[in-house]
Amino acid sequence: MLPRTPLFPHVIELNHQARRRIGCSVYLIYDESEWTLLDIGYEDAVDECVELIRELDFPFSKCKTLIASHADVDHIQGLAKAKQMLKTTVTAHPTAADMLEKGDRLATFAQIDAQGIDLDMPPVTVENRVNDGDVIKVGKLELEVWHTPGHTDGQLSFRMGDLLFSGDNLFRDGCVGAIDAHHGSSIADFIKSLERIKASDVKWLLPSHGPVFKKDNALIDKTIARLDGYLHMADFGTCAIDWPLMDAWEDELLEGKLPA
Ligand SMILES: [Zn+2]
């Protein structure tokens with residue numbers, strides 16, 4: 001048996017446990033013998049993650065459910081395989097669940113023709129569709145479900161005491177999950193989700209990529225200001241709500257203004 005190295009009481013993160021980068025963050029949340037996994041990553045990481053869980057002495061029969069933070073391929077490609085190995089259920093937001101059950105390769109970023117990205121997206125049945133305000137129980141622990149759209153419309157976060165499993169909402173360097181119209185990003189929703197996180201009294205953010213970090217409102221403000229800028233810039237195309245340069249240009253056209 002491998003000694004467990006929890007980040008917080010009841011929380012192990014498998015990259016941290018293995019002391020090397022396996023893929024996206026995979027949180028194992030446990031109380032007594034019952035446990036759940038938040039995200040699993042790519043299919044080729046499943047064997048290693050499951051073996052690690054075995055060595056950590058978590059009985060497979062006590063896996064309550066496999067949770068998807070959202071339906072991007074790098075978080076959930078391995079769900080079908082892990083579900084089969086662990087003989088458990090899958091839990092996701094209804095929007096993410098539709099993509100997972102269809103194995104939607106476009107919406108999950110498994111297929112990006114322009115970049116030659118062409119990955120499998122094995123469909124998986126989602127038994128538990130959860131939404132804002134629902135509670136997932138693991139032993140005596142309670143994971144409170146937050147719907148935090150922005151990166152994708154099916155993005156969930158989970159609050160447990162002063163910890164927030166914050167998905168792709170914010171990373172330690174102030175970056176956020178990719179903004180892309182094709183998979184349902186909304187910059188306005190993103191800002192609302194970040195405002196909600198900022199206003200909350202959670203102390204720690206446990207993101208779906210990279211290190212865990214302390215909630216820092218100055219960092220969140222900086223990120224919100226950047227995203228607010230994007231709302232009025234051409235950078236993210238149809239995700240913007242306006243482009244002031246076009247208004248200025250209309251005035252200049254009307255004036256017949258020549259280049260200065
Ligand atoms: Zn991600």
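Residues numbered from 1 in each chain as written. Predicted model: local features only at pLDDT ≥ 70, side-chain atom pairs only at ≥ 80, totals over all residues. Heavy atoms only, no water.

### What to know about the overall build of the protein
Okay, step 1: Assigned secondary structure in the protein consists of 8 helices and 14 strands.
Okay, step 2: For 260 residues, the compact-globule estimate of 2.2 N^0.38 gives 18 Å, and the protein sits close to it at 20 Å.
Okay, step 3: When the backbone C-alpha atoms are referred to their principal axes, the protein occupies close to 75 × 40 × 35 Å.
Okay, step 4: When each of the 260 residues of the protein is scored for burial, the buried share is 48%.
Okay, step 5: When contacts within the protein are restricted to residue pairs at least 6 apart in sequence, long-range pairs at least 24 apart make up 62% of them.
Okay, step 6: Accessible surface, the protein as shown: approximately 12600 Å² in total, 53% of it carbon and sulfur.
Okay, step 7: Across the protein, the mean location of the 26 positive side-chain charges is 8 Å away from that of the 43 negative side-chain charges. (Helix = DSSP H or I, 4+ residues; strand = E, 2+ residues; numbered from the N terminus. Rg over C-alpha atoms; globule rule 2.2 N^0.38 Å. Buried < 20%, exposed > 50% of the residue type's maximum accessible area, 1.4 Å probe, protein only. Contact = heavy atoms within 4.5 Å. Areas by Shrake-Rupley, 256 points an atom, 1.4 Å probe, with all protein chains shown as cover. Lys, Arg positive; Asp, Glu negative; His and termini not counted. Charge placed at Lys NZ, Arg CZ, Asp CG, Glu CD.)

### Comments concerning the coordination of the zinc ion
Okay, step 1: In this structure, His-75 (NE2), Asp-168 (OD) and His-209 (NE2) serve as the protein donors to the zinc ion, at separations of 2.0 to 2.2 Å.
Okay, step 2: In the primary structure, the donors to the zinc ion are separated according to the pattern H-x92-D-x40-H. Taken together, the positions of His-75 in helix H3 (residues 73–76) and His-209 in the loop between strand S13 (204–207) and strand S14 (213–214) put the pair 134 residues apart, joining distant regions of the chain.
Okay, step 3: The exposure class assigned to His-209 is partly exposed, which follows from its relative accessible area of 26%. (Donors = N, O, S within 2.8 Å, 3.2 Å for Na, K, Ca; no water.)

### Some words on the pairing of S13
Okay, step 1: Relative to S13, strand S12 (residues 163–167) runs parallel, the two being bridged by 4 bridges. Following the sheet pairing, Phe-165 is matched in S13 by Leu-206.
Okay, step 2: Bridging between S13 and S14 involves 2 bridges; their strand directions are antiparallel. Along S14, the bridge assignment pairs Trp-204 with Lys-214. (Pairing = 2+ DSSP bridges.)

### Quick word on the pattern of salt bridges
Okay, step 1: Evaluation of the coordinates by the stated rule reveals 13 salt bridges.
Okay, step 2: For the salt bridge of Glu-48 with Arg-20, the shortest nitrogen-to-oxygen distance reads 2.7 Å. Of this pair, Glu-48 sits in helix H2 (residues 46–55) while Arg-20 is found in the loop between helix H1 (14–18) and strand S2 (27–31), placing the two residues 28 residues apart along the sequence.
Okay, step 3: Given the relative accessible area of 44%, Arg-20 is considered partly exposed.
Okay, step 4: Between Arg-105 and Asp-118 there is a salt bridge, and its shortest N-O distance comes to 2.3 Å. Of this pair, Arg-105 sits in the loop between helix H5 (94–102) and strand S6 (111–112) while Asp-118 is found in strand S7 (residues 117–118), placing the two residues 13 residues apart along the sequence.
Okay, step 5: Shared partners join several salt bridges into a network, and the residues in it are Asp-98, Glu-101 and Arg-129. (Salt bridge = Lys/Arg side-chain N within 4 Å of Asp/Glu carboxyl O.)

### What to know about the sheet that holds strand S11 (residues 156–160)
Okay, step 1: Strand order in this open sheet of 6 strands is S9-S10-S11-S12-S13-S14, and the pairing throughout is mixed. Unpaired on one side and paired on the other, strand S9 (135–138) and S14 mark the two borders of the sheet.

### Side note on the environment of Leu-66
Okay, step 1: Structurally, Leu-66 is set in strand S4 (residues 63–67).
Okay, step 2: When the C-alpha positions of Leu-66 and Met-1 are compared, they lie 23 Å apart, and in sequence the two are 65 residues distant.
Okay, step 3: Contact partners of Leu-66, with chain neighbours within four places excluded, come to Thr-36, Leu-37, Leu-79, Ala-82, Lys-83, Leu-86, Thr-88, Thr-89, Val-90 and Thr-91.

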